[in-house]
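Examination of the molecular architecture
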Amino acid sequence: MSTLKVVNLGLPKTGTTTLARALKIAGYRVADHRIRARQTNNPDLADAFVADVLYRGYFLTGDPGAAFDDFTALTELSCLRKGKSLWPQMDFALIDAIRKHHPDVRFLASRRDSWEVSQSMLAWSDLGIERLPTSDIPGLPEGYGETSKERVQWIDGHYAHLDALFAGDPAFLAFDVSDADAQRAVGAHLGVDLTWWGRANANHQNKVN
């Protein structure tokens, strides 16, 4: 039985690792991008990508969260590696299914300045220079995403979509991870005391494109 309480719909490089650590310290059982073998006794989940598990549940049972009985929070949903390009945070039908099957889930959308996100993607391994432009991604078809302008437009479009999808819904909070009030705002939205808030998984280089 799924025990999901929190689902983050933010893009990579928007503080998802920081959010994951903050929630872990607050007592949540967090799956962030990929489920490590040490996190579960379920062999079907060990080393699985969160995105794969979500889609498996959605297409097999109608419930994307059906298999997440070991976890209470999902902080990084997308997968862009090993031939996979999966973006649950951009999939209306999947998000809608989570809302229907888990009406008590609190949704978050981690974000920061779109230009800064674009630059972080560019500086993170081969994400910006190879994986984004050579993959087929919702809102960013193959052949696009090599320039800052294209990445920023895609990033802005994602958050505009979430704002429209959750308009007026108190279960949703978009927050800037760099905002001085982010820790308090996220904690208040979830109804928990977040005792830690810092910077995790930061880039150690900057590139301009």
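Quick summary incoming for the structure in this document.

Scoring rules and cut-offs
Residues numbered from 1 in each chain as written. Predicted model: local features only at pLDDT ≥ 70, side-chain atom pairs only at ≥ 80, totals over all residues. Heavy atoms only, no water. Pairing = 2+ DSSP bridges. Helix = DSSP H or I, 4+ residues; strand = E, 2+ residues; numbered from the N terminus. Right-handed = clockwise from strand over helix to strand, strands pointing away. Core = buried A, V, L, I, M, F, W, Y, C linked by side-chain atoms within 4.5 Å. Buried < 20%, exposed > 50% of the residue type's maximum accessible area, 1.4 Å probe, protein only. Contact = heavy atoms within 4.5 Å. Axes fitted to C-alpha atoms, helices over the stretch in contact; angles between N-to-C directions. Salt bridge = Lys/Arg side-chain N within 4 Å of Asp/Glu carboxyl O. Parallel < 35°, antiparallel > 145°, perpendicular 65-115°, else oblique. Left-handed = near helix turned anticlockwise from the far one by under 90°. Nonpolar A, V, L, I, M, F, W, Y, C, P; charged D, E, K, R; others polar. Arc of directions from axis to C-beta. Polar contact = N/O pair within 3.5 Å; in protein donor to acceptor, adjacent residues only side chain to side chain.

1. Here's the deal with the pairing of strand S3 (residues 73-76)
One ladder, built from two bridges, connects strand S1 (residues 6-8) with S3; its direction is parallel. Directly across from valine 6, in S3, lies its bridge partner alanine 73. Two strands pair when backbone bridges link them, and strand S2 (residues 30-32) and S3 are joined in this way by three bridges, in the parallel orientation. If you follow alanine 31 over to S3, its bridge partner there is leucine 74. Between S2 and its parallel partner S3, the chain crosses via helix H2 (residues 50-61), and the hand of that crossover is right-handed.

2. Concerning the nonpolar core
One finds Phe68, Leu74, Phe107 and Trp154 to be the most contacted residues of the largest nonpolar core, which totals 38 residues. Every element with two or more residues in this core is listed here: H2, helix H3 (92-101), strand S6 (106-111), helix H4 (114-123) and helix H6 (148-165). No other element matches H6, which puts five residues into this core. When near neighbours in sequence (up to four residues on either side) are disregarded, leucine 74 contacts Leu4, Val6, Val7, Asn8, Ala31, Val50, Leu54 and Phe68. Ala20, Leu108, Ala185 and Leu194 belong to the second-largest nonpolar core, a separate cluster that totals 19 residues.

3. Regarding the sheet that holds S3
Read across the open sheet, the five strands follow the order S2-S3-S1-S6-S7; overall the sheet is parallel. Looking at the sheet topology across the chains shown, the edges are occupied by S2 and strand S7 (172-176). Across the sheet, the axes of successive neighbouring strands diverge by a mean angle of 20 degrees, strand direction being ignored.

4. So, the pattern of salt bridges
For the coordinates displayed, the defined rule picks out five salt bridges. The salt bridge partner of aspartate 96 is lysine 100, with a shortest N-O separation of 3.1 Å. With a gap of four residues between them, aspartate 96 and lysine 100 both fall in helix H3, about one helical turn apart. For lysine 100, a relative accessible area of 62% translates into the label exposed. A salt bridge links arginine 112 to glutamate 116, with the shortest nitrogen-to-oxygen separation between them at 3.7 Å. Owing to a relative accessible area of 39%, glutamate 116 belongs among the partly exposed residues under this scheme.

5. What to know about the packing of H4 against H6
One can describe the packing of H4 onto H6 by two numbers: an axis separation of 9 Å at closest approach and a directional angle of 120 degrees. What the angle tells us is that H4 and H6 run oblique. Where H4 crosses over H6, the two elements pack in a sense that is right-handed. The segment H4 lies against H6, with Ser114, Trp115, Val117, Ser118, Gln119, Met121 and Leu122 engaging Ser148, Arg151, Val152, Trp154, Ile155 and Asp156.

6. Some words on the pairing of S6
In the sheet, S1 pairs with S6 via three bridges, with the strands oriented parallel. For valine 7, the partnering residue across the bridge sits in S6 and is phenylalanine 107.

7. Comments concerning the packing of H2 against H3
Where H2 meets H3, the axes come as close as 11 Å, and the angle between the chain directions of the two elements is 75 degrees. Classed by the angle they form, the pair H2 and H3 counts as roughly perpendicular. In contact with Leu54, Tyr55 and Tyr58 of H2, H3 contributes Ala93, Leu94, Ala97 and Ile98. Considering only residue class, the contact of H2 with H3 consists of seven nonpolar, no polar and no charged.

8. Quick word on H3
Three or more residues of H3 are buried, namely Leu94, Ile95, Ala97 and Ile98. The buried residues of H3 occupy one face: seen down the axis, they fall within an arc of 155 degrees. The N-terminus of H3 is capped by aspartate 91, whose side-chain oxygen sits 3.1 Å from the backbone nitrogen of alanine 93.

9. Some remarks on unusual backbone geometry
You will see that histidine 33, though not glycine, has its phi angle at about 70 degrees, which is positive. By secondary structure assignment, the location of histidine 33 is in the loop between S2 and H2.

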